[in-house]
Amino acid sequence: MTESIPFNRPYLTGNEMKWVQEAWAARKLSGDGPLTRRCSAFFEERYRVPRALLTTSCTDALEMAAILSRIQPGDEVIAPSYTFVSSVNPFLLRGAKVRFVDSRPDHPGMDEAAVEALVTPRTKVIVVVHYAGVACDMDILMRVAQKHGLKVVEDAAQCIEAHYMGRQLGTIGDFGAFSFHETKNIQCGEGGLLLVNDPAESVRAEIIREKGTNRTAFFRGEVDKYGWVDIGSSFLPAESIAAMLWAQVECLERIQARRMILWRRYHEGLAKLAGEGLACLPGIPDYAGHNAHLFYLVLRDLAQRTEFIEHMKRLGIMAVFHYQSLHKSRFFENQGDGQALPMADRYTDCLVRLPLFHELPEEGQDRIINATLSYFGF
Ligand SMILES: *Cc1c(COP(=O)(O)O)cnc(C)c1O
């Protein structure tokens, strides 16, 4: 029996323990030590943003963004339905209501052209989710936001090293939130990053992240004592987490290069499925420079997808579906306006992801490609 291929296997560069030991040896174990600062400085420089703050997760970075956007009870946010719960929960926790937008026919990302019709006098924020690290059309979304005075929060959880017209995702809206969960391109188990793109919000972001205190400014020597100045929570990761992340950040380009090779091999190896109209492959708009976060197929219907996943499992390959559209979730189904979102439903039922991880060898990938083709009779 050949070895089975998992859907994901988090990659470790080998330097993680070295940096964790350095943090331990320095006896600097809580947040914002030298390794946290190294990670922040790296992203501030590379992505040219006023402030990049490590957080305990992308969910937490989004909670910070919701507070920074000054969401009040009764405000509304617009977000895609085909996404993870963390794209919207942080806004609901602040008392907002969500209005869901459908996905695009050619891509699981949000239908930019459908956003403006959802704007009401109560709308405060557009939550932009770049599915699979493939950019949404930010020109359209930023124009709607400017016209109606809305904030833009980019849920860039999957978007490390991904671009819109050459601009890093997460740097275009007001705030960008990234994830370093073990399923993402670079990871530290659980972790996140908030990009603060408006320099006027940097200090408030630091305060919210440090329990509502100006402790960060105190450590920089800008104030002679610190105290309670705003609402906030504890959003900063321990140094050992930042140490692990630094080991990944150091290898960012190598990790990305490997993923891009694997992604392109899938695209070439499976091109004939699209050519013969048997399945849709990921569509990448001209303006999007993606980061090989995911490789997926969109099949005909739920029955076919279930059969395909079974077929792959019999061959020892873990192919998995993805989001269940949020507008139909048990939590939300009775709260919405009952509006049909047919494309979100389509990706809920028909999208399947193939294994894609750093240590997937070419021979393993060839097995996956052949197993996929064999399902379609090739
Ligand atoms: C992974 C992910 C999140 C959550 O990230 P955490 O770091 O686990 O909180 C949020 N949104 C999207 C789109 C994601 O893919």
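Shown above is the structure to which this text applies.
Basis of the calculations
Residues numbered from 1 in each chain as written. Predicted model: local features only at pLDDT ≥ 70, side-chain atom pairs only at ≥ 80, totals over all residues. Heavy atoms only, no water. Near = heavy atom within 4 Å. Polar contact = N/O pair within 3.5 Å; in protein donor to acceptor, adjacent residues only side chain to side chain. Areas by Shrake-Rupley, 256 points an atom, 1.4 Å probe, with all protein chains shown as cover. Phe/Tyr/Trp six-rings, centres within 6.5 Å; stacked < 30°, edge-to-face > 60°. Helix = DSSP H or I, 4+ residues; strand = E, 2+ residues; numbered from the N terminus. Buried < 20%, exposed > 50% of the residue type's maximum accessible area, 1.4 Å probe, protein only. Contact = heavy atoms within 4.5 Å. Pairing = 2+ DSSP bridges. Patch = residues over 30% accessible without salt bridge, like charges linked within 9 Å, V, L, I, M, F, W, Y side chains within 5 Å. Salt bridge = Lys/Arg side-chain N within 4 Å of Asp/Glu carboxyl O.

Enquirer: What is the right way to look at the site of the ligand in this model?
Expert: Of all residues adjacent to the ligand, which total 14 residues, the nearest are T59, D155, Q158, S179 and K184. Here an oxygen atom of the ligand sits 2.5 Å away from a polar atom, N or O, in the side chain of T59. Between the ligand and S179 there is a distance of 2.7 Å, counted from an oxygen atom to a side-chain nitrogen or oxygen. The protein chains hide 92% of the 380 Å² of surface that the ligand would expose on its own.

Enquirer: Teacher, can you tell me more about the packing of aromatic side chains here?
Expert: Note on aromatic pairs: each is described by the distance of the centres and the angle between the planes. Inspection of the entire model under this criterion finds 20 aromatic pairs. On the basis of an interplanar angle of 20° and a centroid distance of 6.0 Å, the ring pair of F43 and F180 is categorised as stacked. One end of the pair, F43, is in helix α2 (residues 34-46); the other, F180, is in the loop between β10 (175-179) and β11 (192-196), and 137 residues separate them in sequence. Overall, the relative accessible area of 0% leaves F43 in the buried class. Taking relative accessible area as the criterion, F180 reaches 1% and is therefore assigned buried. When the centroid spacing of 5.7 Å and the interplanar angle of 50° are considered together, the rings of F218 and F219 count as tilted. The structure contains a cluster of three or more aromatic residues connected by ring pairs, namely F42, F43, Y47, F178, F180 and W246.

Enquirer: Is there a simple way to explain the side chain of H290 in this structure?
Expert: Secondary-structure assignment places H290 in the loop between β12 (288-289) and β13 (296-298). A distance of 2.9 Å separates the side chain of H290 from the backbone nitrogen of A292, its partner in a polar contact. Setting aside residues up to four positions removed in sequence, H290 forms contacts with G133, V134, E161, A162, M260, W263 and I284.

Enquirer: Just to check I follow, could you spell out the environment of Q256 for this structure?
Expert: Position of Q256 relative to the elements: it lies in helix α9 (residues 252-269). Counting along the chain gives 98 residues from Q256 to L354, while the straight-line C-alpha distance between them is 17 Å. Polar side-chain contacts of Q256 include one of 2.9 Å to the side chain of N185.

Enquirer: Looking at this structure, I do not really get the sheet that holds strand β9 (residues 167-168). What am I missing?
Expert: Picture the strands of a sheet paired through backbone hydrogen bonds; they go either parallel or antiparallel. One open sheet holds the three strands; their spatial order is β9-β8-β12, and the pairing between them is antiparallel. Looking at which strands have only one partner, the edges of the open sheet turn out to be β9 and β12. Judged from the two bridges that link them, strand β8 (residues 163-164) and β9 form a sheet pairing that is antiparallel. Bridge pairing links H163 to Q168 in β9.

Enquirer: What is the right way to look at the environment of W228 in this model?
Expert: Here W228 is to be found in the loop between α7 (215-219) and α8 (239-249). In the structure, W228 is positioned 21 residues away from I207 in sequence and 8.8 Å away in space, judged by C-alpha atoms. Those residues in contact with W228, other than ones at most four positions away along the chain, are K211, G212 and T213. Among the polar contacts listed, one links the side chain of W228 to the backbone oxygen of D230, at a separation of 2.8 Å.

Enquirer: How should I be thinking about a nonpolar patch on the surface in this particular structure?
Expert: Judged by side-chain polarity, M17, W24 and L29 come together as a nonpolar surface patch covering roughly 310 Å² of accessible area. Assignment of secondary structure puts L29 in the loop between α1 (16-25) and α2.

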